[in-house]
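Residue-level structural notes
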Protein chains: 2
Amino acid sequence: MSDIEIAQRAKMKPIIGLAAEKFGIPAEHLDPYGHYKAKLSLEYVDSLSHQAQEGKLVLVTAISPTPAGEGKTTTTVGLGDALNRIGKKTIICLREPSLGPCFGMKGGAAGGGYSQVVPMEDINLHFTGDFHAIAVAHNLLSAMIDNHINHGNALDIDPRRIKWKRVVDMNDRALREITVGQGGPANGYLREDGFDIVVASEVMAILCLATNRADLKERLGRIVIGYKTDKVTPVYASDLKAHGAMAALLKDAIKPNIVQTLENNIALVHGGPFANIAHGCNSVTATKTALKLADYTITEAGFGADLGAEKFLNIKCRSAKLAPSAVVLVATVRALKYHGGVDRIHLNQENLEAVEKGFENLERHITNVTKNYQLPCVVCINHFTYDTDAETDMIIEKCSDLGVKCIVSKHWAEGGAGAEALANEVVSMVEGSTISPDNLNLLYPDNMPIWNKIETIATKLYGASEIVASDKVKGEIAELQEKYGDLPICMAKTQMSFSTNPSLKGAPTGHSVEISSVKLEHGAGFIVAIAGNMMTMPGLPKTPTAEKIDIDDNGVITGLF
Amino acid sequence: MSDIEIAQRAKMKPIIGLAAEKFGIPAEHLDPYGHYKAKLSLEYVDSLSHQAQEGKLVLVTAISPTPAGEGKTTTTVGLGDALNRIGKKTIICLREPSLGPCFGMKGGAAGGGYSQVVPMEDINLHFTGDFHAIAVAHNLLSAMIDNHINHGNALDIDPRRIKWKRVVDMNDRALREITVGQGGPANGYLREDGFDIVVASEVMAILCLATNRADLKERLGRIVIGYKTDKVTPVYASDLKAHGAMAALLKDAIKPNIVQTLENNIALVHGGPFANIAHGCNSVTATKTALKLADYTITEAGFGADLGAEKFLNIKCRSAKLAPSAVVLVATVRALKYHGGVDRIHLNQENLEAVEKGFENLERHITNVTKNYQLPCVVCINHFTYDTDAETDMIIEKCSDLGVKCIVSKHWAEGGAGAEALANEVVSMVEGSTISPDNLNLLYPDNMPIWNKIETIATKLYGASEIVASDKVKGEIAELQEKYGDLPICMAKTQMSFSTNPSLKGAPTGHSVEISSVKLEHGAGFIVAIAGNMMTMPGLPKTPTAEKIDIDDNGVITGLF
């Protein structure tokens, strides 16, 4: 059965009742969206902050992925269900899927097989409208910028130095670089512009890092949209008086969404910043809420541990004073073979040599987690039906040589029951863990210079020997250093490799990481450093998934996966 | 008190209970969106179609408006509440507000004073996400067009003859005319494009005219996105295999939304096609549902009767086999003065001469309704506090001379109680009315040639002596005539005047109506005839309303009106 067929057979419970049953959440603090989705009121979220209870946080991250992804979400769901099965009150915290990939190549992002969150179609299509609210808030600011210039430009915005683009929740390459304001005076001033996908919007990052409404609005107000004609004076969203309306548009989007897994356990699915250009983690609000309610909170961070775990720790945990008690590193046999040099169409055939060779990618990620951050770590092999015992045994043994446990987990095929061994290992790690926000090893201190922060990430995690940049970029970094030197770095790098070259698999060393540009995201509170080329607007493939998506006369959807 | 302050003091009832109490709608057929908004299941809507009950339909339309509008929505709400007060089971059917005007100049569109639908902030901001779903469905098709060309253009689409633009729910003049595909081969092919506001999307018109899911998908599939390089062969959305995914994206948007008035009466607020470029009426699904449930269904159509009522009758009623039993024509003393030559800042001062002169605009609308369509008609003066008795008496008398009753209605200040006289008159009109879909006088038959249809509208309703068009446009009309000659016309004309000149007030005669372009909306099932210049993307004013909209730390919104 396909993911959507499994999801459509789910025996969902009404979410209001389920939230009361599992965690005593009062109905009046839940805004239902249909019968199986709801939003938690911020009043309830606030009320929890006074509770003593503080659950344990577990991060699910992964090796450098194949283009299909290695099942972080699936593993997060499976592990959550397994922990609940063995009697640990657990909530999983996921990111919301983006429509772009859903219609493009990757498909939905609500887990897979028997480890999914449901209602799958709703979560993948629109959900509770958060991304749409973010898109409109973003585009309102865009419209107000051009409108301000059109009506006399009292703020003296340099139209050539506007950094704030427009967004749409679609893979639409034709919109990457455009010219706006054509057609004469009635349509404003001509300038170059472009669209990013919604998940790349700074508003998305802000929503995910904001701790309450006041913080949200303040962060929106301090967005730097560009510079004045003196080239250096920043123009803020608050200068345009846009932040109040933007925050009003986000009035519901800021509330965490609550849904359930196929096994009727609670999932908070909230926020979804792009893991390349942004920090790739679900919202701080959702994570903190889960920690107050549950004994165990399982969350994921986008792409491999070089990107996802790094930004989870150095951006999200730093900003929100969080710390994971343990890390689950998801690997697949097929991804190891991929890193071992096997092409994508032969990944289903046993190849011990390739597994052995590809292990170097996993090893680098293990070392990064255990040495650099000194976090307890378990490797989870997300089991595929064509994996052979010889292959998985080899990985287990090689992990053991590194002093790390490796568990083959069959949650995709069996749901929570298939992940009980993983869950037991996680419990034992967490119970032995002394990691707390106070003793968490971050990779760099706030006051390390920007250049050195980037260098630290590249050399310590990526295995690079150096970072390089043009004089222009170096100059920009020096300018940012003056005013914003204390901000953390949001690395934007291909997820396919430790290097900036997507085809360089395994665990490359001695490479140069070129920083091609830097971008201040002042509202989000970080500096994006773009290593190599990064797309902030994907394109559709020759035969997009959209062509296969359909709905019948009774409203039953097919072709989503 | 401002509209939003009144709305925030509303004593709303939980909508699920209210729907059951008022019309016996079973809870399982309602998808809640929070506690005060819900969507009706299509299964329930379908189940009603077998019921014998057929309520009476009343259309609320208006004179040619001032830029602020004359209160059609407010009157629809007030009349609905008044009918319920005098014991008639009534549902009102409204259009959903667009975010663009909300942040621009006009503000929200959920009624005013003590005649509003609530929750006002939600209805004005995002509501249940219908417009966002429409935007994404539209933009998916846009992305699939450029993607198809990028990947080899197997359908041989002429990039210069693409008629399908992109949409955003924002007043953003900079996006009216743009160039997409800049930046080199990775970004596709360069071409001119533009954005319309979402309410101008053909997808919006389709959603509002579709009778069920099958009809929706079929209409989406037959959208003509442009032509092949032979210049004449249309390319359909179904050729791009986009319609299934588009229909899936509209899975919830097609369900009617149910909310309440300040007086806890039921309102269906669903769909919101632009009244200039599209047909300006709420959804057929909502209207038909209301007719099955209630004795009286009150609905409105955008702008003055020359546009709104005309398209309501000749497009919506024709397509959906509906007929209004009576028409309420909303006028304001200030609008009469405006048509009588008073400038906008002096409209609050008594000016009998101007009222008398401006009456000619109202008279033309009355005549159009009573003579051309032979519909029972009452004039409702939507009372403003500074209207004088002398002014209103004059209007009443002049209406009486035309054989039409005119009622001063104070629903803005008093809610339903203020509109009881209007309600009683409506009841007496409806009870005496023999209008039915079978005997409804439409302005033109299906088989009248396109040119003559447009001419009929212009000469019979607008007082024009002729329509004119360039040879190019005449050629396009002739081409459309061959294949699509039976479709009705969707006139796109300024709402400010019976003519194409917005500053020509009153009731001009003898003017020429220039048809500047025509556009096939094949999925919606009409041909748009653009008379003069029409914007399909508004701009923001120098000081947009957005600057005043705010939200406090507790989530209370201010500045919406």
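Chains are numbered independently. Their residues run from 1 in the order of the written sequence. Just so you know, chain letters begin at A and ligand numbers begin at 1, following the order they were written in. With the structure being a predicted model, the display of local features is reserved for residues of pLDDT at least 70 and the display and counting of side-chain atom pairs for 80 or more, all residues being used for whole-chain, interface and lining totals. For side-chain calculations, the full set of non-hydrogen atoms in the structure is used, while hydrogens and water are omitted.

The name an unreviewed UniProt entry gives chain A is Formate--tetrahydrofolate ligase, with Hydrogenovibrio marinus as the organism. Under the heading Catalytic activity (unreviewed entry), UniProt records this for chain A: "(6S)-5,6,7,8-tetrahydrofolate + formate + ATP = (6R)-10-formyltetrahydrofolate + ADP + phosphate". UniProt positions are given in the numbering used here, feature names are shortened, and annotations may be inferred rather than shown by experiment. Regarding chain A, the UniProt comment filed under Pathway (unreviewed entry) reads as follows: "One-carbon metabolism; tetrahydrofolate interconversion."

**Overview of the packing of aromatic side chains**
Working definition: rings of Phe, Tyr and Trp (its six-membered ring) pair if their centres are within 6.5 Å, and the pair is stacked with planes under 30 degrees apart, edge-to-face with planes over 60 apart, and tilted otherwise. Inspection of the entire model under this criterion finds four aromatic pairs over all chains. Each ring, one from A:F384 and one from A:Y386, has its centre 5.9 Å from the other, and the planes form 45°; the classification is tilted. Partly exposed residues are those whose accessible area sits between 20% and 50% of the maximum for their type, while under 20% is buried and over 50% is exposed, using a 1.4 Å probe and protein chains only. Looking at A:F384, the relative accessible area reads 23%, which means it is partly exposed. Taking the ring centre of A:Y338 as reference, the NZ or CZ of A:K505 above it sits at 4.4 Å. Looking at B:R364, its charged tip hangs above the ring of B:F498, at a distance of 4.7 Å from the centre. Only Lys NZ and Arg CZ are tested; either one counts as a charge over a ring when it is within 6 Å of the ring centre and within 35 degrees of the ring normal.

**Notes on the relation of the copies chain B and chain A**
Only residues with pLDDT of at least 70 in both copies count here: their C-alpha atoms drive the least-squares fit that superposes the copies. Of the transformation superimposing chain B on chain A, the axial component is 0.0 Å and the angular component is 180°, with the fit at an RMSD of 0.0 Å. On the angle and the small slide along the axis, the relation comes out as a two-fold axis. Within chain B, B:Y33 has its C-alpha nearest the rotation axis, a separation of 2.2 Å. Contact criterion: two residues are considered in contact whenever any of their non-hydrogen atoms come within 4.5 Å of each other. Interface overlap between copies: 100% of the residues of chain B at the interface are likewise at the interface in chain A, consistent with a symmetric, same-surface contact.

**What about the environment of B:E263?**
All names here are of chain B. The way it works is that DSSP assigns letters per residue, a run of H or I at least four long becomes a helix, a run of E at least two long becomes a strand, and they are numbered from the N terminus. Its location among the elements puts E263 in the loop between β14 (257-261) and β15 (266-269). On a C-alpha basis, the gap between E263 and V404 in space is 29 Å, while along the polypeptide they are 141 residues apart. If we skip the residues at most four places from it in the chain, E263 touches D81, R85, Y114, E414, G415, G416 and A417.

**With respect to the sheet that holds strand β13 (residues 234-236) of chain B**
Residues and elements named next belong to chain B. Read from one edge to the other, the open sheet built from three strands follows the order β7-β12-β13, with strand pairing classed as antiparallel. In the strand order of this sheet, the two ends are held by β7 (157-162) and β13, each with one partner. When the angles between neighbouring strand axes are averaged without regard to direction, this sheet yields 50°. We treat two strands as partners when DSSP finds at least two bridges between them. Note: strand β12 (residues 224-228) against β13, three bridges, orientation antiparallel. In the strand pairing of β13, V224 is matched with Y236. Fitting a line to C-alpha atoms yields each axis, with helices limited to the stretch in contact; the angle taken between N-to-C directions then spans 0 to 180 degrees.

**A short note on the side chain of B:T66**
Turning to its location among the elements, B:T66 is positioned in the loop between β3 (56-62) and α4 (72-85). Contacts of B:T66, omitting those with residues within four sequence positions, involve B:R334, B:A335, B:Y338 and B:M496.

**Details of the domain arrangement of chain A**
Residues and elements named next belong to chain A. Split by domain assignment, chain A resolves into domain 1 (3-14 + 56-127 + 257-431), domain 2 (131-249) and domain 3 (450-531). Sorting the residues of domain 2 by area buried against domain 3 places E202, R222 and V224 first, and these three jointly supply 42% of that buried surface. Within this document, salt bridges are pairs made up of a side-chain nitrogen of Lys or Arg and a carboxyl oxygen of Asp or Glu, the two lying within 4 Å of each other. Summed over the shared surface of domain 2 and domain 3, the result is zero salt bridges. As used in this structure description, the phrase polar contact means that two N or O atoms lie within 3.5 Å; if the pair is within protein, one of them must be able to donate a hydrogen and the other to accept it, and residues adjacent in sequence are counted only when both atoms belong to side chains. Counting every contact that joins domain 2 to domain 3 gives six residue pairs in polar contact (both at pLDDT 80 or more). Going through the elements one at a time, α8 (202-209), β12 (224-228) and β13 (234-236) are the ones with two or more residues in the side of domain 2 that touches domain 3. Broken down by element, the side of domain 2 that touches domain 3 gets its largest block of residues, four residues, from α8. Any residue outside Ala, Val, Leu, Ile, Met, Phe, Trp, Tyr, Cys, Pro, Asp, Glu, Lys and Arg is labelled polar, Gly included; the first ten of those are nonpolar and the last four are charged. The residue makeup of the side of domain 2 that touches domain 3, split by class, is nine nonpolar, no polar and four charged. Where each domain starts and ends follows an automatic or database-derived domain assignment. For any pair of parts, buried area is found by adding up, for both, the accessible area (1.4 Å probe) each one loses once the two are put together.

**A look at the UniProt feature "binding site: ATP" (unreviewed entry) in chain A**
Residues and elements named next belong to chain A. As annotated by UniProt and renumbered to match this structure, "binding site: ATP" (unreviewed entry) occupies T66, P67, A68, G69, E70, G71, K72 and T73. With respect to the helices and strands, G71 occurs in the loop between β3 (56-62) and α4 (72-85). Setting aside its immediate chain neighbours within four residues, G71 contacts V330 and N382.

**Looking at the packing of α4(B) against helix α17 (residues 420-432) of chain B**
All names here are of chain B. At a closest axis distance of 8 Å, the pairing of α4 and α17 adopts a crossing angle of 75°. One finds that α4 runs roughly perpendicular with respect to α17. From α4, T75, L79, A82, L83 and R85 reach across to α17, where they touch E420, L422, A423, V426 and V427. For the contact of α4 with α17, the class distribution of residues is seven nonpolar, one polar and two charged. When describing relative orientation, an angle under 35 degrees is termed roughly parallel and one over 145 degrees roughly antiparallel, while 65 to 115 degrees is termed roughly perpendicular and anything else oblique.

**Regarding the pattern of salt bridges**
If you walk through the whole model with that rule in mind, you get 57 salt bridges over all chains. Note that B:D146 and B:R191 form a salt bridge whose closest N and O atoms lie 2.9 Å from each other. A residue pair is termed long-range when its members are at least 10 positions apart, and B:D146 in helix α7 (residues 130-150) and B:R191 in strand β10 (residues 191-193) qualify at 45 residues. Comparing B:D146 with B:R191, the two get one shared label, buried. Its salt-bridge partner being B:D158, residue B:R161 comes within 2.6 Å of it at the nearest N-O pair. Since its relative accessible area comes to 24%, B:R161 is described here as partly exposed. Judged by relative accessible area, B:D158 falls into the buried class, the value being 1%. Several salt bridges converge on common partners, so that one network encompasses A:D31, A:K251, A:D252, A:K255, B:K37 and B:D122.

**Description of the nonpolar core**
Side-chain atoms within 4.5 Å link the members of a nonpolar core, which is a set of buried Ala, Val, Leu, Ile, Met, Phe, Trp, Tyr and Cys residues. Counting residues in hydrophobic clusters, the biggest one holds 402 residues, and the most contacted among them are A:L362 and B:L362. The residues contacting B:L362, other than those within four sequence positions of it, are B:I63, B:L329, B:A331, B:L336, B:V379, B:I395 and B:C399.

**Some thoughts on empty space enclosed by the protein**
Here a cavity means grid points, on a 1 Å grid over the protein atoms only, where a 1.4 Å probe fits yet cannot get out; a pocket means an open set of points with protein on both sides within 12 Å along at least five of seven lines; lining residues are those with an atom within 4 Å of a point. Grid points are joined across faces, edges and corners, and a volume is the space filled by probe spheres set on the points. For the structure shown, the criterion picks out nine cavities of 30 Å³ or more. Approximately 310 Å³ is the volume attributed to the largest cavity. Taken together, 30 residues line the largest cavity, and the ones lying closest to its centre are A:Y33, A:T128, A:G129, B:T128 and B:G129. Partitioned by chemical class, the residues of the lining of the largest cavity number 11 nonpolar, eight polar and 11 charged. Reported here for the second largest cavity is a volume of approximately 230 Å³. A:A135, A:N139, A:V168, B:A135 and B:V168 are, among the 20 residues lining the second largest cavity, the residues nearest its centre. At the level of secondary structure, the elements contributing two or more residues to the lining of the second largest cavity comprise α7 (130-150) and β8 (166-168) of chain A together with α7 and β8 (166-168) of chain B. When residues in the lining of the second largest cavity are grouped by element, the largest group, five residues, is from α7(A). Grouping the amino acids of the lining of the second largest cavity by side-chain chemistry returns 14 nonpolar, four polar and two charged.

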